[in-house]
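What follows is each chain in one-letter form.
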Amino acid sequence: MASMNEFGNNLYTGKTSFPFVGKRRLWFIIAIALVAASALVPLLRPVQFSIEFTGGSQFTVVAPESTDQALATDAVQGVVPEAAAKVAIVNGTDVRVQTSQMTSEETQNVAAALADAYEVPADEVTASFIGATWGDNVTRQSLWGLAIFLALTFLILAIYFRTWKMSAAAIIGLLDVLVITVGVYALAGFEISPAAVIGFLTILAYSLYDTTVVFDKIRENTTEDGENSARTFGESVNLAVNQTLVRSINTSIVAALPVGAILFIGAFWLGAETLTDISLSIFVGIIVATYSTLFVAAPLYSLFREKEPTIVERDNRVRELRERARVEA
């Protein structure tokens, strides 16, 4: 415990420092590689959207003795040969079958075929239908929600920090989080559902919170430095990131542990599949958000500001004083 306290104190005073700004070119290359890889994932493994987005028919066989998925596939194709069926086990006991849009007659026949295949009463098979128009509305509203969130984020951060450059760095960091999280989500083979979209917006909010805390410390350091600072602007930004490093890591661990418990114990072990969508997106997003704040957003803000004339002048003066002190020594 004492060593951890000492480590945190050394980070705060600058005695120990990780080069978040100094090696930003490396971090940016890694970030671009991760984003590019995440963007390529859908090309190799297409993103699967849930029935709420695509529309279609859904059947649920309640508590059959057998949960053999082949029975459902054969039953559907026996009635509508051209229909593609997606079969999943829900809560470890029920069989859920999703298909493309069917007519009322086809829906009744498929429900009857499923009841026969699983040897359950007809009233143990429920059928529901989601139209393509409703799915389009869900998609449009999700995109509008994301656009409004990003626009308000940019505006509020610009007002709060009194510079658009912090807003721009934060938005780029949020997009980095979103792309990588969706890429990991697609790679895992999970469907993007309304619950997953809620998870994506949740982790964007978490990422924004983490970024705001770090940026607030950056503003504090760079404002207090003044004209007589012994640090360059980049060094002040780097110090601020190191000063908030322990807090960022602790917050991420505390946030990820319960979500991880829901994901791995509730979803994978106990079979609570309804929790998988949102818990996976939030779990991955928390980890990626912490990385993005430290290695993307903060170094990027430093890059945006370092070319300003007043900052260039001050940084050159700091370097000249250091060089003069080194020569005199």
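Higher on the page you've got the structure.
Report follows, based on the coordinates. Small disclaimer: the values here were computed from a predicted structure and weren't measured. (Residues numbered from 1 in each chain as written. Predicted model: local features only at pLDDT ≥ 70, side-chain atom pairs only at ≥ 80, totals over all residues. Heavy atoms only, no water.)

### Some details on the overall build of the chain
Then step 1. Broken down by element type, the chain carries 12 helices and six strands.
Then step 2. Rg of the C-alpha trace for the chain: 26 Å, well past the compact-globule value of 20 Å for 329 residues, more than 25% over.
Then step 3. Taken over the C-alpha atoms alone, the chain extends approximately 95 × 45 × 30 Å along its principal axes.
Then step 4. Going through the 329 residues of the chain one by one, you find that 44% of them count as buried.
Then step 5. Of the contacts formed within the chain by residues at least 6 apart in sequence, a portion of 77% connects residues at least 24 apart.
Then step 6. Charge-centre separation for the chain: the mean point of 22 positive side chains lies 22 Å from the mean point of 32 negative side chains. (Helix = DSSP H or I, 4+ residues; strand = E, 2+ residues; numbered from the N terminus. Rg over C-alpha atoms; globule rule 2.2 N^0.38 Å. Buried < 20%, exposed > 50% of the residue type's maximum accessible area, 1.4 Å probe, protein only. Contact = heavy atoms within 4.5 Å. Lys, Arg positive; Asp, Glu negative; His and termini not counted. Charge placed at Lys NZ, Arg CZ, Asp CG, Glu CD.)

### Examining the layout of surface pockets
Then step 1. Taken as a whole, the second largest pocket spans an internal volume of roughly 370 Å³.
Then step 2. Taken together, 13 residues line the second largest pocket, and the ones lying closest to its centre are L143, L146, I192, V197 and F200.
Then step 3. Taken together, the elements giving at least two residues each to the lining of the second largest pocket come down to α6 (132–161), α7 (164–187) and α8 (194–225). (1 Å grid on protein atoms, 1.4 Å probe; cavity = no way out; pocket = protein on both sides within 12 Å on 5 of 7 lines; lining within 4 Å. Points joined across faces, edges and corners; volume = space filled by probe spheres on them.)

### Examining helix α2 (residues 24–44)
Then step 1. The terminal C-alpha atoms of α2 lie 30 Å apart, and with 21 residues this matches the ideal 30 Å at 1.5 Å per residue to within 8%.
Then step 2. Along α2, the positions that sit buried rather than exposed are R24, W27, F28, A31, S38 and V41. Down the axis, α2 shows its buried residues gathered within 140° of arc, on one side only. Of the exposed residues in α2, those oriented more than 90 degrees away from the buried face are R25, I29, I32, L43 and L44.
Then step 3. In the core, the buried residues of α2 are packed alongside α7 and α11 (276–305). (Expected span 1.5 Å × (residues − 1). Arc of directions from axis to C-beta.)

### Focus: the sheet that holds strand β4 (residues 94–99)
Then step 1. Here we have four strands laid out as an open sheet, ordered β3-β4-β2-β5, and antiparallel in their pairing. The sheet terminates laterally at β3 (86–90) and β5 (125–130), the two strands that pair on one side only. Strand-to-strand twist of the sheet, defined as the mean angle between neighbouring strand axes without regard to direction, takes the value 20°.
Then step 2. Pairing analysis gives five bridges linking β3 to β4, with the strands arranged antiparallel. (Pairing = 2+ DSSP bridges. Axes fitted to C-alpha atoms, helices over the stretch in contact; angles between N-to-C directions.)

### Description of the packing of α2 against α7
Then step 1. Running from amino to carboxyl end, α2 crosses α7 at an angle of 45°, the nearest separation of the two axes being 8 Å. Put simply, α2 runs oblique to α7. For α2 against α7, the interelement crossing comes out left-handed. Contact with α2, carried on its side by A31, L34, V35, S38, A39 and V41, involves D176, V179, I180, G183, A186 and L187 of α7 and no other residues of that element.
Then step 2. A breakdown of the residues in the contact of α2 with α7 according to their chemical character gives nine nonpolar, two polar and one charged. (Parallel < 35°, antiparallel > 145°, perpendicular 65-115°, else oblique. Left-handed = near helix turned anticlockwise from the far one by under 90°. Nonpolar A, V, L, I, M, F, W, Y, C, P; charged D, E, K, R; others polar.)

### Looking at the pairing of β4
Then step 1. The buried fraction of β4 amounts to five of the six residues, a majority that puts the element mostly inside the structure.
Then step 2. As judged from the five bridges shared by strand β2 (residues 56–61) and β4, these two strands associate in the antiparallel manner. What sits directly across from F59, in β4, is V97.

### Some words on the side chain of S279
Then step 1. Turning to its location among the elements, S279 is positioned in helix α11.
Then step 2. Sequence-distant contacts of S279, that is, excluding residues within four places in its chain, are made with V259, I262 and L263.

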